[in-house]
Amino acid sequence: MEKFSYINPARLEQVPGLLKDDWQSKVIAGGTDLLGEMKDYIESPKRLINLKSIPGLDQISADDGGLTIGAMATLTDITEHSEIQKNYTALAEAAGVVASPQIRNVGTLGGNLCQRPRCWYYRDPDTDCLKKGGNMCYALSGLNKYNAIFGGGPNYIVHPSDTAPALVALGAEVTILGAGGQRTIPLENFFILPTVANPYRENILEPNEIITQIHLPKPIANTTSFYIKLRERSSFDFALVSIAGVFQTQGKKCQDLSLILGGVAPAPWRSNEAEQVLRGQVISDDLGERAGKAAVKNADPMSDNAYKVTLTQNLVKRAAVMAVS
Amino acid sequence: MSRKVHVQTQINGENVEFLCEPRQSMLEVLRNELDLTGAKEGCNNGNCGACTIIVEGRPVNSCCMLGVEAEGKEIQTIEGVATPEGLHPLQQKFLEHAALQCGICTPGFIMNAKVLLETNPNPTEEEVRFWLAGNLCRCTGYDKIIRAVLDTTETTGVSTNG
């Protein structure tokens, strides 16, 4: 790891100024992702701004408008929170299947949303891939078992977060603090797909901006939510494919829903196609099957990851059937 | 530029001061600065749990924590688990069940399991396996490890307060 200086700000308002705007400074929250990148020289910031020194950023509080979760709340805090377990089950379940218990004990919600991709070309210190300023995405012609089947190009990473699909499905908003003050936007608009002009980032944060909190709306009556994660090693792994489902139902009829896939695209991936099949309909095994097929109609797998198409199709069906059983 | 930082912390009940560079992990500080070599470096990236220590009551990977982040914290390592009176019941049960082969993973398993039993004195096998998911044993000794932890629970009448 390269040398850096470590700064403990006392107040949140100091952070944008300390970060400057040259990508040479980074905030550190739990550090479980960032320190790994620094050890492998993927990132070598000159300064780390420690958010743990600022009191109050880890608060979880319910109010009339819903639930507000500070960006520094740990994944363990979220998993064990009774209000989240009851009314925002998809989030509690997603936070509970991130990495290992030791990592959930320090990993934060803000960090989980901002974690960098796991593509092995990106993570390899000696590979100068497109995301690190190189000329090409090696996954396209190389080993791409874990890469994207939706939304890829010019790079083909998948977004690694478990909490992101759950929060997007639950209609979360994110508050961002920058030099010009705070703004709050739908979390769905926070994540971005790679473009030729900007293949580097996975979200809209500017170098001097941070996430300060996540806000969840009050739950709607007769709504259930859940998160299912498929992984090679069920004890501790990133998602091959995951799904966050939020279903508003009456009996077996699906009045409204949100279906967000993880592990398949460079950002949390809303399956509009599957939602359209299910919305307003009585859910049966057959309809679930149709939703699954619709979900993968536009999938674009690469040489080693067509299995993700099958997983996605079956997972969408399973989510639909589960929601009404 | 970085210079050494003075850190005050508490390790195994004793006040400890040390100097470290910001880039030194807590694991490096424990092993190289404080001669506490019980926590092991397996993967050095959060995958294996061999470096597990307890910070403020929660098990964490000390390789994924910076030494400077120990400031003001209460830390436990494997060196503080046994007392002059004898081994911690978990250590005793690991011995009785031969729940180790090479032993590199053992300090991490003990530290993580210690918090489990303090949080949930009577866990099911599923709960033990779920809790220990972040600790790898490359000698594939998982079954004996799970038996040793289960044998230390309240149902056996063994105190876990060690």
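S.K.: Looking at this structure, how should I read the overall build of chain A?
M.R.: Helices and strands together make up the secondary structure of chain A, namely 12 helices and 12 strands. For a compact globule of 325 residues, the expected C-alpha radius of gyration is about 20 Å, and chain A comes in at 19 Å, within 12% of that figure. Across its three principal directions, the C-alpha atoms of chain A cover 60 × 50 × 35 Å. Out of the 325 residues belonging to chain A, those deemed buried represent 56%. Restricting the contact set of chain A to residue pairs at least 6 apart, pairs at least 24 apart contribute 64%. If you sum the accessible surface of chain A, you get close to 13300 Å²; carbon and sulfur atoms cover 49% of it. On chain A, the mean spot of the 32 positive side-chain charges and the mean spot of the 34 negative ones are 2 Å from each other.

S.K.: Is there a simple way to explain the packing of aromatic side chains in this structure?
M.R.: Describing an aromatic ring pair means giving the distance of the ring centres and the angle of the ring planes. All names here are of chain A. Applying the stated rule across the entire model yields 6 aromatic pairs over all chains. For the pair Trp 120 and Tyr 146, a centre-to-centre distance of 5.4 Å together with 80° between the ring planes defines the contact as edge-to-face. Here Tyr 146 lies in the loop between helix 8 (120-123) and helix 9 (163-169) and Trp 120 lies in helix 8, a separation of 26 residues in the sequence. Among the residues examined, Trp 120 registers a relative accessible area of 39% and is labelled partly exposed.

S.K.: Would you explain the confidence of the model for chain B in this entry?
M.R.: For any part of a model where pLDDT is low, the fine detail of the predicted coordinates should not be relied upon. Residue and element names in this part refer to chain B. Chain-level pLDDT for chain B is 93 on average; 93% of the residues reach the 70-or-more range. Predicted confidence is poor over residues 157-162, with pLDDT under 50, and the contacts of this stretch with residues over four places away or in other chains come to 14 contacts. Of the two predicted TM-score estimates for the complex, the pTM is 0.96 and the ipTM is 0.95.

S.K.: I'm lost on helix 2 (residues 89-96) of chain B in this one. Help?
M.R.: Since one α-helical turn is 3.6 residues long, residues separated by three or four positions face the same way. Residue and element names in this part refer to chain B. Within helix 2, burial applies to Pro 89, Leu 90, Gln 91, Lys 93 and Phe 94. Residues of helix 2 that are buried sit in contact with helix 3 (106-119) and helix 5 (142-150). Looking one or two residues past helix 2, Ala 98 carries a phi angle of roughly 50°, positive in sign.

S.K.: What should I look at first to understand the nonpolar core in this one?
M.R.: Soluble, globular proteins show a tendency: their nonpolar side chains are buried together. All names here are of chain A. Ranked by internal contacts, the top residues of the largest apolar core, which has 43 residues, are Ile 69 and Leu 187. Counting residues per element, the ones that place at least two in this core are strand 5 (66-70), helix 3 (75-79), helix 5 (89-96), helix 7 (109-114), helix 9, strand 6 (173-178), strand 8 (210-217) and strand 10 (241-250). Every residue in contact with Ile 69, bar those within four places of it in the chain, is listed here: Gln 59, Ile 60, Ile 78, Ile 84, Leu 91, Leu 109, Gln 213, Ile 214 and Leu 216. Counting residues in hydrophobic clusters, the runner-up holds 31 residues, among them Cys 254, Leu 261, Ala 274 and Ile 283.

Thresholds, definitions, all that
- Residues numbered from 1 in each chain as written.
- Chains lettered and ligands numbered in written order.
- Predicted model: local features only at pLDDT ≥ 70, side-chain atom pairs only at ≥ 80, totals over all residues.
- Heavy atoms only, no water.
- Helix = DSSP H or I, 4+ residues; strand = E, 2+ residues; numbered from the N terminus.
- Rg over C-alpha atoms; globule rule 2.2 N^0.38 Å.
- Buried < 20%, exposed > 50% of the residue type's maximum accessible area, 1.4 Å probe, protein only.
- Contact = heavy atoms within 4.5 Å.
- Areas by Shrake-Rupley, 256 points an atom, 1.4 Å probe, with all protein chains shown as cover.
- Lys, Arg positive; Asp, Glu negative; His and termini not counted.
- Charge placed at Lys NZ, Arg CZ, Asp CG, Glu CD.
- Phe/Tyr/Trp six-rings, centres within 6.5 Å; stacked < 30°, edge-to-face > 60°.
- pLDDT = per-residue confidence, 0-100.
- Core = buried A, V, L, I, M, F, W, Y, C linked by side-chain atoms within 4.5 Å.

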